[in-house]
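Here are the chains, one letter per residue:
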Amino acid sequence: MCGIVGYVGHREATDVLIEALKRLEYRGYDSSGLATLSTGRGKGRLRVLKSPGYISALEKRIKTGSSRIGISHTRWATHGVPNEVNAHPHMDGEQNVAVVHNGIIDNHLALKRELARKGHEFLSQTDTEVIPHLISEEYRHNGGNLFEAVREVVKRLKGSYAIVVLHRDHPDILVCAREKSPLVLGTGVNEGFIASDVTALLRYTNRFIFMEDGEIAKVAADGIHIEKISGGTVAHEWTRVDWSLEDAEKGGFKHFMIKEIFEQPRSLHQSQTGWRSDENSIPADLATARIIRIVACGTSYHAGMVGRYLFEKFTGLPTIVSMASEYRFADATSDDPLMIFITQSGETLDTIMAAREARSRGLKTVAITNVVGSTITRETDLTLYMRSGPEIGVAASKTFTSQLMMMYLFSSYLGYRMGYIKRDDLNSIKEHLRHTIRSVEGILNNTGPIREMAEWFSGSSSAFFLGRYVNYPAALEGALKMKEISYIHSEGYPAGELKHGPLALLTEKTPIVALVAGDHTYEKMLGNIGECSARGSPVVAIAPDGDVEIGRYTDRVLHYPRVDPLFSPIPISVLLQLLAYYTADHRGCPIDKPRNLAKSVTVE
Ligand code: M6R
């Protein structure tokens, strides 16, 4: 939620701040702003520019730039409506300090009251505005030491923050600090960068330091100095990130989402081949687990739900799946589960806090994430990487199928290590997965029927997605994709559950998307399709090639290249992503930036 950037160096700061910020727009896009310190005429003056709406609106307001240092921000509103006043950066009353912030300051009301008593006036409704006011107070009292002033202020903040501070009397440094919100530092030749994530900076550098909670840094063109907020210097290793700039660009596609959907044969292949090195990192004691608990949010939670069936099948262990936001508030059980946290971004605060909680209880913890150096990697005993490449579209697509791939690989490998399945079984699963990637290619090579169906679908206002067994979570994910990008109200259901209530909503205007795999649920699915048709609802069946029986139940069928039914959630999910994408495109929706959403949910 919210993206922040800081730059100091030899380039025109405004250019870097806008270019990098655009790559963070997926984190929030209701308003944006920047602050620079001018180096030409009017030297020493903080120039702040803000705009409601997308970054392109801010860009239009920029006239000239002549600065070598600055900060910028793209917002996902938490406190105060998205308007120009509430947009960041925020300043102190004397306009000496500018601050951009990602996170939530829980004690901002108490701090605001304290500052108001001292005569401070506030312009915005945000929690952030107290920070520059506090810094200016502290700075005055400590004789002009910006680093120490920021340190003393952040010690007083409760909640989550990644902040970058620019002061008009310090044209050579930026000070930043983090607690529960991500922050990376980058370096080039005579320049320093700060950003919420690495994709913002790929154009300039691939050498990064991932700051940790409780750290504060001074970033100058000639170097970076990091300390713990509580005191004491910190030595970080530089991490090289191999994502290329092209990975983070649209490459001729209309939207990031469709580019990312089409990247899936490659991302799935990368997940599968990368797994070979991860296998070796799995400690033997994981195979002594007696119960497994998977914790995640949103799309990652759906991947975990598919994982539940797979862990139970391949390890024989009872497996529970919890939403991270709920797990933390449930009572601890006496079980000693192996905890698996799935998070594409590695920054979802609910998932991170759940991992922290599990670790504090002494449980074994494993993270599955896509982002090297992300926060979750420091919260768990072991990290397994999905290797999907950067995903910019807010709606998860290629990272979901990579998460599924990880579920197949991890569950079967664990089962093999436990002696529950044999080496031959493991090899056969890997072969099925390779075949599944080819089936995804088949879908992407023939999108015509899906586009036609999407055109018809785009006239709907409410829809149901039904599946059973491993395709029940695929139905949930298909419905989530459809609702978040096309704004058509969509619900995913286990097909057998419909008659326990939701059937009351079916009319001839309520399309049903029924996920069919040729497994032990097949007959029952046909029955459920019949129940819906009998109520006049048009049914779109998603069925494997060669299924002729299905044509007797509905004349709307989208076929996918046949795979072993256990693996069908992967091709089915790709097909449903395309259905959601083309439907949303037909409706003219802002697909990469759906209203009210953000890619990385770093608030609880
Ligand atoms: O980064 P994470 O996987 O932890 O994100 C969890 C959810 O916020 C995320 O999957 C969200 O539901 C998707 N953007 C939906 O497409």
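(A) Highlighting the overall build of the protein chain. Of regular secondary structure, the protein chain possesses 16 helices and 24 strands. Here the C-alpha radius of gyration of the protein chain, 25 Å, is about what a compact globule of 604 residues would show, namely 25 Å. With respect to the three principal axes, the spread of C-alpha positions in the protein chain is 80 × 55 × 45 Å. Of all 604 residues assigned to the protein chain, the portion counted as buried reaches 61%. Look at the contacts in the protein chain between residues 6 or more apart in sequence, and 71% of them connect residues 24 or more apart. Here the protein chain has roughly 22,600 Å² of accessible surface; of this, 48% comes from carbon and sulfur atoms. Computed over 69 positive and 71 negative side-chain charges, the inter-centroid distance for the protein chain is 2 Å.

(B) View of the domain arrangement of the protein chain. Examined at the domain level, the protein chain breaks down into domain 1 (3-247), domain 2 (251-444) and domain 3 (446-604). The C-alpha-based centres of domain 2 and domain 3 are spaced at 23 Å. Carbon and sulfur atoms supply 68% of the area buried between domain 2 and domain 3, which totals about 3,900 Å² over both sides. Among the residues of domain 2 in contact with domain 3, Tyr-309, Val-394 and Ile-443 are the three that bury the most area, contributing 19% of the side total. Applying the counting criterion to the domain 2 and domain 3 interface returns one salt bridge. Among the salt bridges present, the one from Asp-585 reaches Lys-254, with a minimum N-O distance of 2.9 Å. Elements with a contribution of two residues or more to the side of domain 2 that touches domain 3: helix 6 (256-262), helix 7 (264-279), helix 8 (298-315), helix 10 (349-360), helix 11 (398-417) and helix 12 (423-444). The dominant element in the side of domain 2 that touches domain 3, judged by the number of residues it contributes, is helix 12, at ten residues. For the side of domain 2 that touches domain 3, the residue count by class is 26 nonpolar, 16 polar and six charged.

(C) Inspection of the site of the ligand at higher detail. With respect to spatial proximity, 15 residues lie near the ligand, and among them Ser-300, Thr-343, Ser-345, Thr-348 and Glu-484 are the closest. Between the ligand and Ser-345 there is a distance of 2.6 Å, counted from an oxygen atom to a side-chain nitrogen or oxygen. Against a free-state accessible area of 410 Å², the protein chains account for coverage of 90% of the ligand. Structurally, the ligand is housed in the largest pocket. Within the shell around the ligand, the residues separate by chemical class into six nonpolar, seven polar and two charged. A domain split of the shell around the ligand shows at least three residues from each of domain 2 (251-444) and domain 3 (446-604).

(D) Layout of the pattern of salt bridges. Enumeration over the complete set of coordinates arrives at 34 salt bridges. For the salt bridge of Glu-263 with Lys-398, the shortest nitrogen-to-oxygen distance reads 2.7 Å. With Glu-263 in the loop between helix 6 and helix 7 and Lys-398 in helix 11, this pair connects stretches of sequence that are 135 residues apart. Taking relative accessible area as the criterion, Glu-263 reaches 11% and is therefore assigned buried. Salt bridges here are not isolated pairs; linked through shared partners, they connect Glu-94, Glu-114, Lys-118, Glu-137, Arg-140 and Arg-156.

(E) Quick peek at the sheet that holds strand 24 (residues 556-560). Taken in spatial order, the five strands line up as 21-20-22-23-24 in an open sheet, and their pairing is parallel. Each edge of the open sheet carries a strand with a single partner, namely strand 21 (489-494) and strand 24. Between one strand axis and the next, the sheet turns by 20 degrees as a mean value, whatever way the strands run. When strand 23 (residues 539-544) meets strand 24, the two strands line up parallel, connected through five bridges. In the sheet register, Val-540 faces strand 24, and the bridge partner there is Arg-556. Helix 15 (residues 522-534) contacts strand 20 (462-467), strand 22 (512-515) and strand 23 of the sheet and is inclined by roughly 170 degrees relative to strand 22.

(F) Representation of unusual backbone geometry within the structure. Across the junction of His-88 and Pro-89, the peptide omega takes the value 0 degrees, indicating a cis bond. Note that Pro-89 resides in the loop between strand 4 (67-75) and strand 5 (90-91). At Gln-95, a position not held by glycine, the phi torsion is positive, near 60 degrees. Structurally, Gln-95 can be placed in the loop between strand 5 and strand 6 (97-105). We classify Gln-95 as partly exposed; its relative accessible area is 46%.

(G) Molecular detail of the pairing of strand 20. Counted residue by residue, strand 20 has five buried out of six residues, so it is predominantly covered. Where strand 20 and strand 21 come together, six bridges link them in parallel fashion. By the bridge assignment, Ala-463 is partnered in strand 21 with Ser-490. Since strand 20 and strand 21 lie parallel, the crossover through helix 14 (residues 471-486) that links them has a hand, and here it is right-handed. Sheet topology places strand 20 next to strand 22; three bridges connect them, and they run parallel. Its bridge partner being in strand 22, Phe-464 is matched across the sheet by Ile-512.

(H) Geometry of helix 14. In this model helix 14 runs 22 Å from its N-terminal to its C-terminal C-alpha over 16 residues, within 8% of the 22 Å that 1.5 Å per residue would give. The element helix 14 is largely enclosed, with a buried count of 13 among its 16 residues. One or two residues past the end of helix 14 sits Tyr-487, with phi positive at roughly 65 degrees.

(I) How the structure looks around the packing of helix 14 against helix 16 (residues 569-586). Interaxial distance between helix 14 and helix 16 falls to 9 Å at its minimum, and their mutual angle equals 15 degrees. Judged by the inter-axis angle, helix 14 sits roughly parallel to helix 16. Taken as a pair, helix 14 and helix 16 cross one another with a handedness that is right-handed. For the pair formed by helix 14 and helix 16, the contact residues are Asn-471, Ala-474, Gly-478, Lys-481, Met-482, Ile-485 and Ser-486 on the first element and Pro-569, Ile-572, Ser-573, Leu-576, Gln-577, Leu-579, Ala-580, Tyr-581, Thr-583 and Ala-584 on the second. Split by residue class, the contact of helix 14 with helix 16 holds ten nonpolar, six polar and one charged.

(J) Molecular detail of empty space enclosed by the protein. The final tally for this structure, using the stated rule, is three cavities of 30 Å³ or more. Volume-wise, the largest cavity comes out at about 260 Å³. Forming the boundary of the largest cavity are 27 residues, of which Tyr-26, Asp-197, Ser-345, Glu-347 and Val-371 lie nearest the centre. Looking at side-chain class alone, the lining of the largest cavity contains eleven nonpolar, nine polar and seven charged residues. Both of domain 1 (3-247) and domain 2 (251-444) provide at least three residues apiece to the lining of the largest cavity. Empty space within the second largest cavity amounts to approximately 90 Å³. The wall of the second largest cavity is formed by 13 residues, among which Cys-2, Thr-78, His-88, Gly-103 and Asp-127 lie closest to the centre.

Each value, and the rule that gives it
- Residues numbered from 1 in each chain as written.
- Predicted model: local features only at pLDDT ≥ 70, side-chain atom pairs only at ≥ 80, totals over all residues.
- Heavy atoms only, no water.
- Helix = DSSP H or I, 4+ residues; strand = E, 2+ residues; numbered from the N terminus.
- Rg over C-alpha atoms; globule rule 2.2 N^0.38 Å.
- Buried < 20%, exposed > 50% of the residue type's maximum accessible area, 1.4 Å probe, protein only.
- Contact = heavy atoms within 4.5 Å.
- Areas by Shrake-Rupley, 256 points an atom, 1.4 Å probe, with all protein chains shown as cover.
- Lys, Arg positive; Asp, Glu negative; His and termini not counted.
- Charge placed at Lys NZ, Arg CZ, Asp CG, Glu CD.
- Domains from an automatic or database assignment.
- Buried area = accessible area lost by both parts, 1.4 Å probe.
- Salt bridge = Lys/Arg side-chain N within 4 Å of Asp/Glu carboxyl O.
- Nonpolar A, V, L, I, M, F, W, Y, C, P; charged D, E, K, R; others polar.
- Near = heavy atom within 4 Å.
- Polar contact = N/O pair within 3.5 Å; in protein donor to acceptor, adjacent residues only side chain to side chain.
- 1 Å grid on protein atoms, 1.4 Å probe; cavity = no way out; pocket = protein on both sides within 12 Å on 5 of 7 lines; lining within 4 Å.
- Sits in = over half its atoms within 2 Å of the grid points.
- Pairing = 2+ DSSP bridges.
- Axes fitted to C-alpha atoms, helices over the stretch in contact; angles between N-to-C directions.
- Right-handed = clockwise from strand over helix to strand, strands pointing away.
- Expected span 1.5 Å × (residues − 1).
- Parallel < 35°, antiparallel > 145°, perpendicular 65-115°, else oblique.
- Left-handed = near helix turned anticlockwise from the far one by under 90°.
- Points joined across faces, edges and corners; volume = space filled by probe spheres on them.

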